[in-house]
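# Fold and contact review
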Amino acid sequence: MSYKYAPFFGWFQHSTTAMIQLSSLLCAIVLAEMAISAPASLVSSIALAPSGTLQQLASSTVSGIDATATVSFASTDPNPELWGPESDPSVPTAQRGTLGATIIGPTNPELELQNADLLAPPTTDHGDVPNAKWPFSLSHNRLQTGGWARQQNIEQMPFATSMAGVNMRLEAGAIRELHWHTTSEWAYVLKGTTQITAVDPQGRNFVGNAGPGDLWFFPAGVPHSLQATADDPDGSEFLLIFPDGSFNEDGTFLLTDWMSHVPFEAILKNFQSTNPEAFSHIPAQQLYIFPSNPPTSDTPVEDPQGQVPQSFVFPLSQVNATELAGGSIKIADSTVFPVSTTVSVAEVTVNPGGMRELHWHPTADEWSFFIEGEGRMTLFAAESNAATFDYQAGDIGFVPANYGHYVENTGNTTLRYLEIFNSNLVQDISLSQWLALTPPALVKAHLDLDDDTIAKLPKVKPIVVGPVGQ
């Protein structure tokens, strides 16, 4: 080798050595980062590796299962509801484990008892999910002679953009006057019996009675009336659902309201009346709800056009529930109630210790109404956003389409609630069934479940599960 090239080769040898050392240092840093989140077995193998093995590990291919551990595992710490509505008022505190602190300012113990997971949320809650709870008890009530009505729409719960609800009570004989809506109306009877009447666009009429647990449905624009019978001395109370979150019950088209705003001569001409006295007692303002005598018959007026071809009433109370491991379910959608084309329902019961399984609804929002018992629901809104809410009788919940959720019975009595959908069909995707029907290797690569656990995943939807071990 020529002497004049010696400095160059000396520099090259020195630089190559430095580059190898730098590569080894970077390799060690990468492996250290992997060790922080890797399983203990992998950490031990790195720590005990003989000299030179680190370079072999750095150049080897990490298996699919080990790759799952490139992020830390989710915590297995319990995150239960910390108290319930019947707990001592001194119990609620803004603390969970070592997180939070006591409240030293003003408090509302009654609300805090009912909303444990708002004051002390589980550590799995994260990010931002809009409020998904509204108690009807916080809605302004419209009081009338003969009954009352209160509502929930986007003014009360902005999150619920696709459906609104009305809770109405009629004393025996009281009438919700003849009216119609720009949207369809669906109803579930909570107590007593309600007689409904309607006439469709073809002039075909309908009269029917809906008792406790039964449903009715009117298409948009179909005029109808509601009247409490004397079957129950208290009259009737029911839940109304409208598939429009901005619906306002006070914006209904009412018979008396319309006729009081039509010139009198136009009324006489419309009805071809030559007797002005015949229409001289039209109320000067809307009646909305007013007292009357209970109906004595459910026979419709003789109609030359005939009766509506499909009943506007569905006797859900007479449908046998499907019994499940942790409760039961009844479903009423257009497959059994054909006229109900925009709203459907699942009536669910969950036994103490049971849970409506983890699931989501692919195409419809869920408007939940809790009839009895106590429930807990966590909504998963993607991108690490999750929030947990607690519900009692009279509360409304809302779950947008595709939000993952469950409903757990957190009380000592049966939880009964309605899952109401802005769709003609009741549909859901079960997390358990999805995993059971997915190739096991894929499930294992994601969750590192063992073969025995995967084999036990249910291939039929559990819907409502019982306590673990039962």
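Everything below is about the structure printed above this text.
Described below are features of the structure shown in this document. (Residues numbered from 1 in each chain as written. Predicted model: local features only at pLDDT ≥ 70, side-chain atom pairs only at ≥ 80, totals over all residues. Heavy atoms only, no water.)

Once that is clear, we can look at the nonpolar core. Counting residues in hydrophobic clusters, the biggest one holds 72 residues, and the most contacted among them are Met 168, Trp 186, Leu 215, Trp 216, Trp 367, Leu 379 and Ile 420. Among the elements that line this core, the one with the most residues is strand S13 (residues 236-242), at five residues. (Core = buried A, V, L, I, M, F, W, Y, C linked by side-chain atoms within 4.5 Å. Buried < 20%, exposed > 50% of the residue type's maximum accessible area, 1.4 Å probe, protein only. Helix = DSSP H or I, 4+ residues; strand = E, 2+ residues; numbered from the N terminus.)

Take a probe with the size of a water molecule and roll it over the atoms, and the empty space left behind shows itself. Considering only enclosed or pocket space, the largest pocket measures out at about 1200 Å³ in volume. Lining the largest pocket are 36 residues, with Ala 74, Ser 75, Thr 124, Leu 358 and Leu 431 positioned closest to its centre. Those elements that provide at least two residues to the lining of the largest pocket are strand S20 (355-360), strand S22 (374-380), strand S23 (386-392), strand S25 (405-409), helix H9 (431-436) and helix H10 (440-447). Of the residues contributing to the lining of the largest pocket, the split by class is 16 nonpolar, 16 polar and four charged. One number sums up the size of the second largest pocket: a volume of about 430 Å³. (1 Å grid on protein atoms, 1.4 Å probe; cavity = no way out; pocket = protein on both sides within 12 Å on 5 of 7 lines; lining within 4 Å. Points joined across faces, edges and corners; volume = space filled by probe spheres on them. Nonpolar A, V, L, I, M, F, W, Y, C, P; charged D, E, K, R; others polar.)

With that out of the way, let us pick up empty space enclosed by the protein. Summed over the entire model, instances satisfying the criterion amount to one cavity of 30 Å³ or more. Taken as a whole, the largest cavity holds about 40 Å³ of empty space. As for the largest cavity, its lining consists of His 361, Pro 362, Thr 363, Ala 364, Phe 421, Ser 423, Leu 425 and Gln 427. Residue classes in the lining of the largest cavity are distributed as four nonpolar, four polar and no charged.

Among the structural elements, Asn 424 can be located in the loop between strand S26 (415-421) and strand S27 (429-430). On the basis of relative accessibility, which here comes to 29%, the residue Asn 424 falls in the partly exposed class. With 82 residues separating them along the chain, Asn 424 and Thr 342 place their C-alpha atoms 5.0 Å apart. The contact partners of Asn 424, leaving out residues within four places of it in the chain, are Asp 333, Ser 334, Ser 340, Thr 341, Thr 342 and Ser 344. (Contact = heavy atoms within 4.5 Å.)

Looking now at the sheet that holds strand S19 (residues 344-350). Overall, antiparallel pairing links the seven strands, which are arranged S3-S24-S21-S26-S19-S18-S17 in an open sheet. The two strands at the open ends of the sheet, each matched to only one other strand, are strand S3 (133-135) and strand S17 (322-324). Between one strand axis and the next, the sheet turns by 20 degrees as a mean value, whatever way the strands run. Direction of pairing for S17 relative to strand S18 (residues 327-332): antiparallel, over a ladder of three bridges. (Pairing = 2+ DSSP bridges. Axes fitted to C-alpha atoms, helices over the stretch in contact; angles between N-to-C directions.)

Inspection of every chain in the model, using the stated rule, returns 15 aromatic pairs. Geometrically, the ring pair formed by Trp 360 and Trp 434 is edge-to-face, given 5.8 Å between the ring centres and 85 degrees between the ring planes. Note that Trp 360 is positioned in strand S20 and Trp 434 in helix H9, a separation of 74 residues in sequence. Assessed through its relative accessible area of 48%, Trp 434 is described here as partly exposed. Counting every residue linked through ring pairs, the aromatic cluster contains Phe 136, Trp 367 and Phe 369. When the ring centre of Tyr 288 is taken as reference, the NZ or CZ atom of Arg 142 above it lies at 3.7 Å. (Phe/Tyr/Trp six-rings, centres within 6.5 Å; stacked < 30°, edge-to-face > 60°. Lys NZ or Arg CZ within 6 Å of the ring centre and 35° of its normal.)

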